[in-house]
Amino acid sequence: MKRNSKLEGIVIRNYRIQDFHKGAVIFSPDTGIFHAIVYGGYKGKSKLGPSVQPLCRGKFDVYHDPVKKSNKILEYESFAVYEDIKSDLKKYFTALSWLEISVKSHGGGESRSDFYSLLSAALDTLELLPEALLDRLAVQFLLRTAILLGGNLNPNECGLCGKKIASEEPLYYSRADACFSCSNCSGIQAQAALISAGIKKYIEYSLKNSLETSLNAVIDNNLLKYFKSLLYNIIEEYLEENLLTLKTGKDYLF
Ligand SMILES: [Zn+2]
C-alpha cells in the first residue's frame, strides 16, 4: 500500500483495539480486504469513529505507516449508509452472508473489481427493495458471485463431458465436480441434484440480462428458495469453507 491513498470501500466489521481505538475491516476494489484504524474512534467526541461502521460505503483517506505496518484512517466521505438493511433482520442476514463471502473469497479473488461492483449494486438495491423480492435479489447475487468465483454454471452444456444440453433435457448439479452435468454423467454421481426446467430457464434468462432486469423475472417461490440454498452450497464448495452466517441467520435466510 502507498503511504497516502484515497480508497473506496465497504466496511465489513469493526473491532476494538486497546480501549478507544476502532479497527475496521474494509473491502476496497483497489486493494482488496484491508484493516485500518480510527485512532480514538470509540471516544465520545470522535467525529470519524461513529461513521466508520459495518454496512456503509464511502471513500477513505488512508495513511500507511510502513514501520508499524498499519493503516490509519484520516478522513472518510460517506457514499451510502445502509440503514434499512440494518433495521430488517432478513435483509441484514442476507447482507452479512454477502460480506462473509467477500472476506472468505479474499474480495472475489481475481474478479475483485467486478465482485466489488456487484456487491455495491446489490447492497444499494437491497436497501430499497420490497421484501417480496428479497429471495430474487439473493439468488441473483449468489448466481453472479458463483460465476465470478470461477464457477462454470452454463446451463446449456455438461461441465463433465461437454455435451450440449437442450432446453427440454434434464440438468443436474454435480456436487463432486461443482458444475452442471447431463443425465448420463449425473448417473455416475452419488450426490447429483436435479435442476428443474424452471430454474434452468431462470438461469438462462439471468445470464443474458443485468441484475436489475433479472429481478423482474417471475419464478415459483419454492424453486427460488431451493435454488438459493443450492447456490449457498455451491459457493461454500468453492470457498472450501462453511459460511457462519448461514448458521447464525438460518431463521431469517431460509
Ligand atoms: Zn455429460
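Parameters at a glance
- Residues numbered from 1 in each chain as written.
- Predicted model: local features only at pLDDT ≥ 70, side-chain atom pairs only at ≥ 80, totals over all residues.
- Helix = DSSP H or I, 4+ residues; strand = E, 2+ residues; numbered from the N terminus.
- Rg over C-alpha atoms; globule rule 2.2 N^0.38 Å.
- Contact = placed C-beta atoms within 7 Å.
- Pairing = 2+ DSSP bridges.
- Axes fitted to C-alpha atoms, helices over the stretch in contact; angles between N-to-C directions.
- Parallel < 35°, antiparallel > 145°, perpendicular 65-115°, else oblique.
- Nonpolar A, V, L, I, M, F, W, Y, C, P; charged D, E, K, R; others polar.
- Domains from an automatic or database assignment.
- Buried ≥ 20, exposed ≤ 12 C-beta atoms within 10 Å, placed from the backbone.
- Expected span 1.5 Å × (residues − 1).

Chemist: Teacher, can you tell me more about the overall build of the protein here?
Modeler: Counting its secondary structure elements, the protein contains 10 helices and 8 strands. In terms of overall dimensions, the protein is globule-like: its C-alpha atoms have a radius of gyration of 20 Å, near the 18 Å expected for 254 residues. The principal-axis extent of the C-alpha atoms belonging to the protein is close to 65 × 40 × 30 Å. Considering only intrachain contacts with a sequence separation of at least 6, the fraction spanning at least 24 residues in the protein is 54%.

Chemist: I would appreciate a short explanation of the pairing of strand 2 (residues 21–28) in the present structure.
Modeler: Look at any regular strand and the pattern is simple: side chains alternate between the two faces of the sheet. Pairing between strand 1 (residues 4–17) and strand 2: 7 bridges, direction antiparallel. Counterpart to Ile10 in the pairing with strand 2 is Phe27. Between strand 1 and strand 2, which pair antiparallel one after the other, the connecting turn spans 3 residues, and Gln18 there sits at a positive phi close to 50 degrees. Bridge analysis of strand 2 against strand 3 (residues 32–38) gives 7 bridges, and the strand direction is antiparallel. Bridging from a neighbouring strand, Ala24 pairs with Ala36 of strand 3.

Chemist: Looking at this structure, how should I read the packing of helix 3 (residues 112–128) against helix 4 (residues 134–148)?
Modeler: The N-to-C vectors of helix 3 and helix 4 enclose an angle of 175 degrees; their axes lie 11 Å apart at closest approach. Here helix 3 lies roughly antiparallel to helix 4, going by the angle between them. Residues Asp114, Phe115, Leu118, Ala122, Thr125 and Leu126 of helix 3 form the contact with helix 4, whose own contacting residues are Leu137, Phe141, Arg144, Thr145 and Leu148. Of the residues contributing to the contact of helix 3 with helix 4, the split by class is 7 nonpolar, 2 polar and 2 charged.

Chemist: Mind showing me how you'd approach unusual backbone geometry here?
Modeler: A negative phi angle is the norm for most residues apart from glycine, just as the trans form is the norm for most peptide bonds. Even without glycine at this site, Gln18 takes up a positive phi of about 50 degrees. With respect to the helices, strands and loops of the structure, Gln18 is situated in the loop between strand 1 and strand 2. The backbone of His106 shows a phi angle near 55 degrees, a positive value even though the residue is not glycine. Structurally, His106 can be placed in the loop between helix 2 (89–104) and helix 3.

Chemist: How should the environment of Ala193 be read in this particular structure?
Modeler: Relative to the helices and strands, Ala193 resides in strand 8 (residues 192–195). Each C-alpha atom of the pair Ala193 and Glu212 lies 28 Å from the other, and the pair is 19 residues apart in sequence. Leaving out residues up to four positions away in the same chain, Ala193 has contacts with Tyr172, Tyr173, Arg175 and Leu230.

Chemist: Help me out: how do you make sense of the domain arrangement of the protein in this one?
Modeler: Many authors give the size of an interface as the accessible area that is lost as the parts come together. For the protein, the assigned domains are domain 1 (4–81) and domain 2 (83–253). Centre-to-centre, using C-alpha coordinates, domain 1 lies 30 Å away from domain 2. Taken together, the elements giving at least two residues each to the side of domain 1 that touches domain 2 come down to strand 1, strand 3 and strand 5 (70–81). Its residues assigned to classes, the side of domain 1 that touches domain 2 shows 8 nonpolar, 1 polar and 1 charged.

Chemist: What should I look at first to understand the sheet that holds strand 7 (residues 179–181) in this one?
Modeler: Neighbouring strands of a sheet are bound in pairs by backbone hydrogen bonds; such pairs are parallel or else antiparallel. Taken together, 3 strands build an open sheet; the order of strands is 7-6-8 and the sheet is antiparallel. Strands at the two margins of the open sheet, each flanked by one partner only, are strand 7 and strand 8. Strand-to-strand twist across the sheet, computed as the mean angle between neighbouring axes with direction ignored, equals 35 degrees. Bridge count for strand 6 (residues 171–174) against strand 8 is 4 bridges, and the pairing is antiparallel.

Chemist: Which parts of the structure should I look at to understand the packing of helix 2 against helix 3?
Modeler: Interaxial distance between helix 2 and helix 3 falls to 11 Å at its minimum, and their mutual angle equals 175 degrees. Here helix 3 runs roughly antiparallel to helix 2, going by the angle between their axes. Taken together, the residues of helix 3 that come into contact with helix 2 (itself represented by Lys91, Thr94, Ala95, Trp98 and Ser102) are Leu119, Ala122, Leu123 and Leu126.

Chemist: Can you walk me through the environment of Leu99 in this structure?
Modeler: Relative to the helices and strands, Leu99 resides in helix 2. Residues Leu99 and Ala122, 23 residues apart in the sequence, show an inter-C-alpha distance of 11 Å.

Chemist: Looking at this structure, I do not really get the environment of Gln140. What am I missing?
Modeler: By secondary structure assignment, the location of Gln140 is in helix 4. Using a count of 26 C-beta atoms within 10 Å as the deciding quantity, one classes Gln140 as buried. With residues up to four places along the chain from it excluded, the contact list for Gln140 reads Ser206, Leu211, Ser214 and Leu215.

Chemist: When you look at helix 4 in this model, what are you seeing that I'm missing?
Modeler: Within an α-helix, residues lying three or four positions from one another point in the same direction, as the helix has 3.6 residues per turn. Its 15 residues place the ends of helix 4 21 Å apart at the C-alpha level, agreeing with the 21 Å of an ideal helix rising 1.5 Å per residue. Within the sequence span of helix 4, burial applies to Arg136, Ala138, Val139, Gln140, Phe141, Leu142, Leu143, Arg144, Thr145 and Ala146. Residues of helix 4 that are buried make contact with helix 2, helix 3, helix 6 (197–208), helix 7 (211–214) and helix 8 (221–239). Gly150 occupies a position one or two residues after helix 4 and carries a positive phi of about 100 degrees.

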